[in-house]
Amino acid sequence: MKKKIYVHVADDHKILIEGIIAVINTDKDIEIKDYSLTGQEVVDWFDKKGNKADVLILDITMPILDGFEVLRHFNKKQINQKVIVLSSYDDIKIVQEMLSLGCNGYITKNNAGEHIVNAIKAVANGEQYFSEDIQKIVIKSFSGKFVLPGDSPEKSLIEALTEREIDVIRLISREYSSPEIADKLNLAVSTVDTYRKSLLKKLKVKNAVGLAMYAVKNKII
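Residues numbered from 1 in each chain as written. Predicted model: local features only at pLDDT ≥ 70, side-chain atom pairs only at ≥ 80, totals over all residues. Heavy atoms only, no water.

> Looking at this model, I keep getting lost on helix α11 (residues 208-217). Mind explaining?
Burial analysis of α11 places eight of its 10 residues in the buried class, which makes it a mostly covered element. Within the sequence span of α11, burial applies to A208, V209, G210, L211, A212, Y214, A215 and V216. (Buried < 20%, exposed > 50% of the residue type's maximum accessible area, 1.4 Å probe, protein only. Helix = DSSP H or I, 4+ residues; strand = E, 2+ residues; numbered from the N terminus.)

As structure tokens, then:
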């Protein structure tokens, strides 16, 4: 029997919470574990003994404590909580700040309906998840405008990449689609898709954002 994924929802608009719950209730593998209308309620709920959720859906703009303060509280208390930010904001600086505070996913509210269930399952499984609009701005930020602090380049992994794999990862990091990469490198689209899958597995990342982060960190782009 498949294990249930328990989700807590935090937003200061009850009607939005009800909408999220309605979407989540369409999937038998996910179950709601209460909701909060303020950041303080989120903190109090998770601080209370026995209250646990696999994933927290968190708005940024909430009364008393905002989403930033909630994540800072988790960090201070060493609460290892998986969090998906659900926000109206698509500003890269806000996304970067939430990522630096430890969120595992970021979805804009206008894309919530189509992404929320997949996001919950991905994050519960230890992956990162971004809606397409957020993926684009994050990849753009990693392709030259912003570099996350990270470890020194993993030379053994870089040396293990072929010249063609490096070409592919560079183009993925610049937001080229598989057909565009195929055209540029004179390859079949299926070959490019094979390179994509191989790179994800080899570099132990989950998506194009992970590839872009790796490329910047290791000075491939």
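Still more to cover.
> Looking at this model, I keep getting lost on the environment of S100. Mind explaining?
Locating S100 in the fold gives a position in helix α4 (residues 92-100). Distance in space between the C-alpha atoms of S100 and L71 is 9.8 Å, their sequence separation being 29 residues. At 2.7 Å, the side chain of S100 forms a polar contact with the backbone oxygen of E97. (Polar contact = N/O pair within 3.5 Å; in protein donor to acceptor, adjacent residues only side chain to side chain.)

> Which parts of the structure should I look at to understand the nonpolar core?
Soluble globular proteins: nonpolar side chains tend toward being buried together. V42, L58, M98 and Y106 are the most contacted members of the largest nonpolar core, which has 48 residues in total. Among the elements that line this core, the one with the most residues is α11, at six residues. Setting aside chain neighbours within four positions, we find M98 in contact with I60, G67, F68, L71, V85, C103 and Y106. By size, the runner-up hydrophobic cluster in this structure holds 21 residues, among which are I5, I84, L86 and A122. (Core = buried A, V, L, I, M, F, W, Y, C linked by side-chain atoms within 4.5 Å. Contact = heavy atoms within 4.5 Å.)

> Would you mind going over the pattern of salt bridges with me for this structure?
A side chain of one charge can pair with a side chain of the opposite charge when the charged atoms of the two come close. Throughout the structure, instances matching the rule amount to 10 salt bridges. A salt bridge links K109 to D59, with the nearest nitrogen and oxygen atoms 3.4 Å apart. Linking K109 in the loop between β5 (105-108) and α5 (112-124) with D59 in the loop between β3 (55-58) and α3 (67-76), this pair joins segments that are 50 residues apart in sequence. On the basis of relative accessibility, which here comes to 4%, the residue D59 falls in the buried class. Notably, a salt bridge pairs R164 with D167, separated by 3.6 Å at the nearest N-O pair. On the criterion of helical spacing, the pair formed by R164 and D167 is a turn pair, its members being three residues apart in helix α8 (residues 163-173). Beyond isolated ion pairs, a larger network of salt bridges with shared partners links D27, K28, D29 and K121. (Salt bridge = Lys/Arg side-chain N within 4 Å of Asp/Glu carboxyl O.)

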